[in-house]
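Fold and geometry: a report
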Amino acid sequence: MTQDAPGFLRIAIPAPLQRSFDYLPPAGVEIAELRSGTRVRVPFGRGQAVGVLLQCVTEAAVEAARLRRAIEILDDSPAVTEEILQLCLWSAGYYHHPIGEVVAAALPTLLRQGRSQRDSGVRHWSLTAAGHAIDIEQLRRSPRQAALLALLKRHEGGVDRARLDAHGDPWQAAMRTLIAKGWVVMEERSALLASASAFEHGPSLNADQQQAVDTLTGSLGEFQAFLLYGVTGSGKTEVYLRVIEQVLRQGKQALVLVPEIGLTPQLVERFRRRLQQPLVVLHSALSDRERLDAWLAARTGRAAVVIGTRSAVFTPLPEIGLIIVDEEHDLSYKQQDGLRYSARDLALIRARNAGIPVLLASATPSLESLYNAEQSRYRLLRLPERAGAALHPSMQLLDVRSRPMQDGLSELLLTRMRQHLDAGGQTLLFLNRRGFAPTLLCHDCGWIAQCRRCDARMTLHHAQQRLRCHHCGAERAIDSACPACDSADLRALGQGTERMEQALRQAFPEVGVVRIDRDSTRRKGEMQARLDSIHDGSNRILVGTQMLAKGHHFPDVTLVGVIDTDQGLFSADFRAGERMAQLVLQVAGRAGRADKPGEVLIQTHFPNHPLLQLLVQQDYYRFAAAALAERAEVGLPPFGCLALLRAEAPARDAPQQFLQQVAERAQAYRVRGVELLGPVAAPMERRQGRYRSQLLLQAAERADLHRLLAQLVPSLESLKQTRKVRWSLDVDPMDLM
Ligand code: ADP
Ligand code: ZN
Ligand code: ZN
């Protein structure tokens, strides 16, 4: 740019508007030195905003006289690297989402707020051995020091600044004194996990693993998508580790995406022991500061490996050499609000842009990915056998039609349980419904406890004696009498895990029962304690929800009982069958080991259902083929593509009217090849006190769908009805609720 050419900054600002904003550079700033991705503080409306420079332009979108001047440049080196900016621009286009919000979603909160890119190291204060020995009584005359010492004694692991600030009194001076006395140390804890001391050699690979590793390492340095399809326990993680070793040897970095619930301390430890290189972990439980530090370690290249959940796909890695998406079928990769991106799909885009391989892996791949493999867009790598000597469990349907049932358990299942327990095995029961019972019913008049804000029933939670709505979180005390007829005969209908646990305790009083679901593992450490009780055999019956389907292994479990699959067979959601199959196989795969091959029993009222039949043959591949054939017939993904426009409002008619206008407008664009379905009320019309409607757009060709959305979405800002509703667009929706 020449000296006298006027230069303007085109800036992405987090606002729900489909556009960027132009500014004059801050006074005294040389525009030629600014790089895209740099954060800039700007005046915005009546306040200020932290935006990101997209590019410098010579012509502004509005006349120069009306432009405002940016306030300050916040970065020396761009917070959004070129690679990530490219990914953001792609996402904004594909998801038809405002670029400013996309860029904001890609940044750690503190950077979004305008904080500096400085690595703090999170400061921690903790007692020294001498400090431990001090009797607080000695400090009677220094109450602040005494209070701090007491606080530190309560927190063995040390305290951070936030905790100290929350403690109330000014603490800095007293802390300095305690440090000077040698009773307290302050250390900076880095987000970077240094390589663990105990190095561990991996097992020697079997032939299938070796072939997968060879194929993968052979394609480092070029874009190629792989689908690693291997049953649980087939040694997929072992394959990741070998390939990552190779990547690190070349001086490159690896990004490993895992589902939220799969990111266990055990997994991280395994990576640390094996790789002997610094790594960082990114997940939702980190504080803002910890997240920024981990991000910086990746950004500066100090971290060789990043293991993270969904949003980690936006982590800048200057030397990225490989992306792995573990359990690629998992729903947690899809963001369900704001920018509704799929981290799995973005991983593919990122790998393509960077010219590196991407490995999607699962024991139960999504139908989309299997189809892509079939179409040769992905290379399929298979690990058909369990690693080591473990065998596949056997699987069988239990026809429960007209059979006596006891709290949802058939006698057949109870009998098999007893046999397995007598033989010294453990039993796992899978029921994907938490709480005591999904319905509270008046036996005299038929009244049912409903949520006051949703079109949904309240779930009965017995231990807390509460009714809870699992959709909006509302809760209230259990009615003592029917509000409609005053009868006291209220009955709990149906089974949840809490009731199942109770029933099992009665049926097997001599065997310990443990329940794992969101309610029973809320408190820190509870999950681990419950897992431990299974592993050490103090409890031998395990009942739980889909939390059991991920990340954990139960080697002593010889029998898995699946209580209820029938809902999955007849749901309105076209993916329900796929999900049911994935869950059942994932749970089944958690059980057994070499000397104790497992048995899986599935209770059903539909033993002849073709999908269930395929499922018990444990041929997920054939199951998938059948399910794909069904989708092909009706043009559902992956044979077509979908976008879902949702709208909601406190007033019943507003969402419907809004979407009606949208539909009319969409028709006016006359884009061929896109079918509009609706608007219709959402399957659960009222949720959290708001009425919801939806308009589904279906197209055989993705390009047609995007052509329409590109015109339609920006125009919605100006619709009269828009102000009366909250609306959102979901491209490639994972659920249609
Ligand atoms: P997955 O990720 O497919 O569930 P893992 O890689 O975790 O499988 O392997 C399952 C178990 O088998 C682990 O305990 C692992 O150490 C072991 N294992 C993996 N590969 C081999 C092998 N080639 N020989 C012996 N044991 C193996
Ligand atoms: Zn009643
Ligand atoms: Zn509710």
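The structure presented is a predicted model; accordingly, all values stated were derived computationally and were not measured.

Turning next to the coordination of the zinc ion (ligand 2). Of the protein atoms, only Cys442 (SG), Cys445 (SG), Cys482 (SG) and Cys485 (SG) coordinate the zinc ion (ligand 2), at distances of 2.2 to 2.4 Å. Because the angles between the 4 donor atoms bound to the zinc ion (ligand 2) fall within 106 to 112 degrees, the donor set is best described as tetrahedral. In primary-sequence terms, the residues that donate to the zinc ion (ligand 2) follow C-x2-C-x36-C-x2-C. Taken together, the residues Cys442 in strand S20 (residues 439-442) and Cys485 in the loop between strand S23 (475-477) and strand S24 (490-493) connect sequence positions 43 residues apart. You can call Cys442 buried: its relative accessible area is 1%. Taking the relative accessible area as the measure of exposure, Cys485 reaches 34% and is therefore partly exposed.

Summarising the metal site, the zinc ion (ligand 3) is bound by the protein donors Cys451 (SG), Cys454 (SG), Cys469 (SG) and Cys472 (SG), whose distances to it range over 2.2 to 2.3 Å. Coordination at the zinc ion (ligand 3) comes from 4 donor atoms whose angles at the metal span 105 to 114 degrees, giving a geometry best classed as tetrahedral. In the primary structure, the donors to the zinc ion (ligand 3) are separated according to the pattern C-x2-C-x14-C-x2-C. Residue Cys454 is located in the loop between S20 and strand S21 (459-461), and its partner Cys472 is located in the loop between strand S22 (466-468) and S23; the two are separated by 18 residues in the primary sequence. For Cys472, a relative accessible area of 13% puts it in the buried group.

Turning our attention to the pattern of salt bridges. It is possible for side chains of opposite charge to pair when their charged atoms get near one another. All chains considered together, the criterion is met by 39 salt bridges. Here Arg575 makes a salt bridge to Glu368, at a shortest N to O gap of 2.6 Å. With Arg575 in the loop between helix H17 (566-569) and helix H18 (576-588) and Glu368 in helix H13 (residues 367-374), this residue pair connects regions lying 207 residues apart in the sequence. As far as the burial class goes, Arg575 and Glu368 line up, both buried. A salt bridge links Arg434 to Asp519, with the shortest nitrogen-to-oxygen separation between them at 2.9 Å.

Moving on, we come to the sheet that holds strand S3 (residues 39-44). Sheets are built from strands paired through backbone hydrogen bonds, the pairs being either parallel or antiparallel. Judged by pairing direction, the sheet is antiparallel, and its 5 strands sit side by side in the order S2-S1-S4-S3-S5 without closing on themselves. The sheet terminates laterally at strand S2 (21-23) and strand S5 (72-73), the two strands that pair on one side only. In the sheet, strand S1 (residues 8-12) pairs with strand S4 (residues 47-57) via 5 bridges, with the strands oriented antiparallel. Its bridge partner being in S4, Leu9 is matched across the sheet by Cys56.

Turning our eyes to something else, we now look at the side chain of Arg499. Position of Arg499 among the secondary structure elements: in helix H15 (residues 497-507). Here Arg499 sits buried without a salt bridge, and the closest side chain of opposite charge, Asp407, lies 4.0 Å off (N-O distance). Contact partners of Arg499, with chain neighbours within four places excluded, come to Asp407, Gly435, Phe436, Ala437, Ala492, Leu493 and Gly494.

Turning our eyes to something else, we now look at unusual backbone geometry. Leaving glycine out, the prevailing phi sign among residues is negative, and the prevailing peptide bond configuration is trans. Backbone torsion omega between Pro637 and Pro638 reads 10 degrees, so that peptide bond is classified as cis. Among the structural elements, Pro638 can be located in the loop between helix H20 (620-634) and strand S29 (641-649). Note the cis peptide between Gly678 and Pro679, where omega equals 10 degrees. Its location among the elements puts Pro679 in strand S30 (residues 674-687). The backbone of Glu327 shows a phi angle near 50 degrees, a positive value even though the residue is not glycine. With respect to the helices and strands, the residue Glu327 is situated in the loop between strand S13 (320-325) and helix H12 (343-354).

Spatial ordering of the open sheet is given by S16-S28-S27-S19-S26-S25, a layout of 6 strands whose pairing is parallel. Whereas interior strands pair on both sides, the edge strands pair on one side only; in this sheet they are strand S16 (394-399) and strand S25 (513-516). Mean inter-strand twist for the sheet, computed between neighbouring axes without regard to direction, equals 20 degrees. In the sheet, S25 pairs with strand S26 (residues 541-544) via 4 bridges, with the strands oriented parallel. Among the inter-strand pairings, Val513 is bridged to a residue of S26, identified as Ile541.

Let's shift gears to the pairing of S4. In this structure, S3 lies alongside S4, joined through 6 bridges in antiparallel fashion. Counted as the bridge partner of Val40 is Gly51 from S4. Linking two consecutive strands that pair antiparallel, namely S3 and S4, is a turn of 2 residues; a positive phi of about 60 degrees is found at Gly45 within it.

Around ligand 1 sit 16 residues, and of these Gln209, Gly233, Lys236, Thr237 and Arg270 come closest. Backbone polar atom of Lys236 to an oxygen atom of ligand 1: 2.8 Å apart, as the coordinates give it. In this structure, Glu238 approaches ligand 1 through a main-chain N or O atom, which is 3.1 Å from an oxygen atom. Isolated, ligand 1 exposes 550 Å² of accessible area, and the fraction of that covered by the protein chains is 68%. Top contributing element to the shell around ligand 1 by residue count: helix H9 (residues 236-249), with 3 residues. Residues belonging to the shell around ligand 1 are distributed by class as follows: 4 nonpolar, 9 polar and 3 charged.

What follows is about the nonpolar core. Across soluble globular proteins, nonpolar side chains have a tendency to be buried as a group. Of all hydrophobic cores here, the largest spans 123 residues; its most connected members are Val103, Leu257, Phe314, Leu428, Leu645 and Leu697. Residue contacts for Leu645: discarding those within four places in its chain leaves Leu659, Val662, Ser693, Gln694, Leu695, Leu697, Leu712, Leu716, Trp727, Ser728 and Leu729. Phe226, Ile244, Val268 and Val305 belong to the second-largest nonpolar core, a separate cluster that totals 33 residues.

A few words now on the domain arrangement of the chain. We note that the domain assignment places domain 1 (8-112), domain 2 (122-189), domain 3 (207-383), domain 4 (394-437 + 494-629) and domain 5 (641-731) within the chain. A straight line from the C-alpha centre of domain 1 to that of domain 3 covers 30 Å. Taken together, the contacts link 21 residues of domain 1 with 24 residues of domain 3. When domain 1 packs against domain 3, the two sides together hide about 1900 Å² of surface, and 69% of this comes from carbon and sulfur. Area buried by domain 1 at its contact with domain 3 is led by Glu83, Leu87 and Tyr95, which between them contribute 31% of it. For the pair domain 1 and domain 3, the interface holds 1 salt bridge. In this structure, Glu83 and Arg350 form a salt bridge, with 2.8 Å as the shortest nitrogen-oxygen distance. Taken together, the links from domain 1 to domain 3 amount to 4 residue pairs in polar contact (both at pLDDT 80 or more). Of all the elements in the fold, those that place two or more residues in the side of domain 1 that touches domain 3 are helix H1 (82-95), helix H2 (99-106) and helix H3 (109-112).

A word on the environment of Gln117. Among the structural elements, Gln117 can be located in the loop between H3 and strand S6 (122-127). Measuring from C-alpha to C-alpha, the distance between Gln117 and Pro357 comes to 30 Å, with 240 residues separating the pair along the chain. If sequence neighbours within four positions are ignored, Gln117 has contacts with Arg39, Asp75, Ser77, Pro78, Ala79, Leu111, Trp295, Leu296 and Arg299. At 3.0 Å, the side chain of Gln117 and the side chain of Asp75 are in polar contact. In terms of polar contacts, Gln117 uses its side chain to reach the backbone carbonyl oxygen of Ser77, at 2.8 Å.

Bringing the packing of H18 against H20 into the picture now. In helix packing, the relevant descriptors are the interaxial angle and the interaxial distance, both defined with respect to the helix axes. Closest axis-to-axis distance for the H18/H20 pair is 11 Å, and the angle between their directions is 170 degrees. Between H18 and H20, the interaxial angle falls into the category roughly antiparallel. Taken together, the residues of H20 that come into contact with H18 (itself represented by Gly577, Glu578, Ala581, Gln582 and Leu585) are Tyr620, Phe623 and Arg631. Its residues assigned to classes, the contact of H18 with H20 shows 4 nonpolar, 2 polar and 2 charged.

Criteria and cut-off values
- Residues numbered from 1 in each chain as written.
- Chains lettered and ligands numbered in written order.
- Predicted model: local features only at pLDDT ≥ 70, side-chain atom pairs only at ≥ 80, totals over all residues.
- Heavy atoms only, no water.
- Donors = N, O, S within 2.8 Å, 3.2 Å for Na, K, Ca; no water.
- Tetrahedral: all angles 85-135°; square planar, octahedral: opposite > 155°, others 65-115°.
- Helix = DSSP H or I, 4+ residues; strand = E, 2+ residues; numbered from the N terminus.
- Buried < 20%, exposed > 50% of the residue type's maximum accessible area, 1.4 Å probe, protein only.
- Salt bridge = Lys/Arg side-chain N within 4 Å of Asp/Glu carboxyl O.
- Pairing = 2+ DSSP bridges.
- Lys, Arg positive; Asp, Glu negative; His and termini not counted.
- Contact = heavy atoms within 4.5 Å.
- Axes fitted to C-alpha atoms, helices over the stretch in contact; angles between N-to-C directions.
- Near = heavy atom within 4 Å.
- Polar contact = N/O pair within 3.5 Å; in protein donor to acceptor, adjacent residues only side chain to side chain.
- Areas by Shrake-Rupley, 256 points an atom, 1.4 Å probe, with all protein chains shown as cover.
- Nonpolar A, V, L, I, M, F, W, Y, C, P; charged D, E, K, R; others polar.
- Core = buried A, V, L, I, M, F, W, Y, C linked by side-chain atoms within 4.5 Å.
- Domains from an automatic or database assignment.
- Buried area = accessible area lost by both parts, 1.4 Å probe.
- Parallel < 35°, antiparallel > 145°, perpendicular 65-115°, else oblique.

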